[in-house]
Amino acid sequence: RKATTGPESGLQQRTDLGFMLLNVAGRAARQNVLGQALEMSRRPPDFIALLETNSSDWGMEARWADYTRVASATAPGKRDTGIELYKHSACPYLVETVLQGADGRMLLVKVFTPDTYYYLLIVHAPQEKVTLSYALFWLRLWAQLTALIDPRRLLILGDVNSLFRAEDREEPSTKRGW
């Protein structure tokens with residue numbers, strides 16, 4: 001991590017950002033999965049995005065108590081569907097929600113740094129094989145984004161569910177190692 005002091009702003013300026021994206025299923029799993037991921041990371045990420053979760057009040061474990069939820073997109077009435085974005089307490093950047101998907105599949109935020117700003121799109125695409133509805137999801141999303149923002153300032157994170165072959169979408173015969 002490189003740091004300098006900006007003469008006009010007096011704020012510490014950094015040249016890198018750390019992101020962590022986890023696809024979890026609900027409140028019970030997120031603490032365990034996130035805690036394990038944080039313990040394995042080299043440094044605490046500036047931002048953590050959680051997919052397949054529904055925002056609610058819950059007690060944080062000590063190993064990630066330095067994070068605050070700064071944005072979310074939820075799907076009312078749907079269990080384990082939604083996106084949450086958390087920011088580390090040491091991260092000096094401001095975050096503003098620009099757009100939330102009503103179905104909990106998309107969250108667009110604007111991140112302000114001392115020198116500039118950028119947009120962060122967190123997306124959880126439909127779990128469909130490449131079909132017309134999958135293509136329409138992306139076309140509609142792109143049309144909506146380009147009407148609102150400059151796409152040259154856009155970073156995209158998420159689960160895009162983009163496997164093309166049917167056999168690549170099959171569930172593995174063994175459980176994942178978490």
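The structure reproduced in this document is the subject of the present report. A quick note: this is a predicted structure, and the numbers were derived from the prediction, not measured.

Points about the sheet that holds strand β10 (residues 154-159)
Moving on, step 1. Strand order in the open sheet made by the 4 strands is β7-β8-β9-β10, with mixed pairing throughout. Edge positions in the sheet fall to β7 (94-100) and β10, since each of these pairs with one other strand and no more. Across this sheet, the average inter-strand angle for adjacent strands is 20°, counted without regard to direction.
Moving on, step 2. Summarising the sheet, strand β8 (residues 106-112) and strand β9 (residues 117-124) pair through 7 bridges and their orientation is antiparallel. From the neighbouring strand, L108 faces β9, where its bridge partner is L121.

As for the sheet that holds strand β4 (residues 47-51)
What links the strands of a sheet is backbone hydrogen bonding, and the strands pair in either a parallel or an antiparallel sense.
Moving on, step 1. Taken in spatial order, the 4 strands of this open sheet run β3-β4-β6-β5, and their pairing is mixed. Pairing within the sheet leaves two strands with one partner each, and these edge strands are β3 (19-23) and β5 (67-74). Sheet twist, expressed as the mean angle between neighbouring strand axes with direction ignored, is 15°.
Moving on, step 2. Pairing of β5 with strand β6 (residues 82-88) involves 7 bridges; the strand directions are antiparallel. Bridged to R69 within β6 is Y86.

Observations regarding the environment of T53
Moving on, step 1. With respect to the helices and strands, T53 occurs in the loop between β4 and β5.
Moving on, step 2. On the basis of relative accessibility, which here comes to 0%, the residue T53 falls in the buried class.
Moving on, step 3. In the structure, T53 is positioned 51 residues away from G104 in sequence and 9.0 Å away in space, judged by C-alpha atoms.

Conventions we followed
Residues numbered from 1 in each chain as written. Predicted model: local features only at pLDDT ≥ 70, side-chain atom pairs only at ≥ 80, totals over all residues. Heavy atoms only, no water. Pairing = 2+ DSSP bridges. Helix = DSSP H or I, 4+ residues; strand = E, 2+ residues; numbered from the N terminus. Axes fitted to C-alpha atoms, helices over the stretch in contact; angles between N-to-C directions. Buried < 20%, exposed > 50% of the residue type's maximum accessible area, 1.4 Å probe, protein only.

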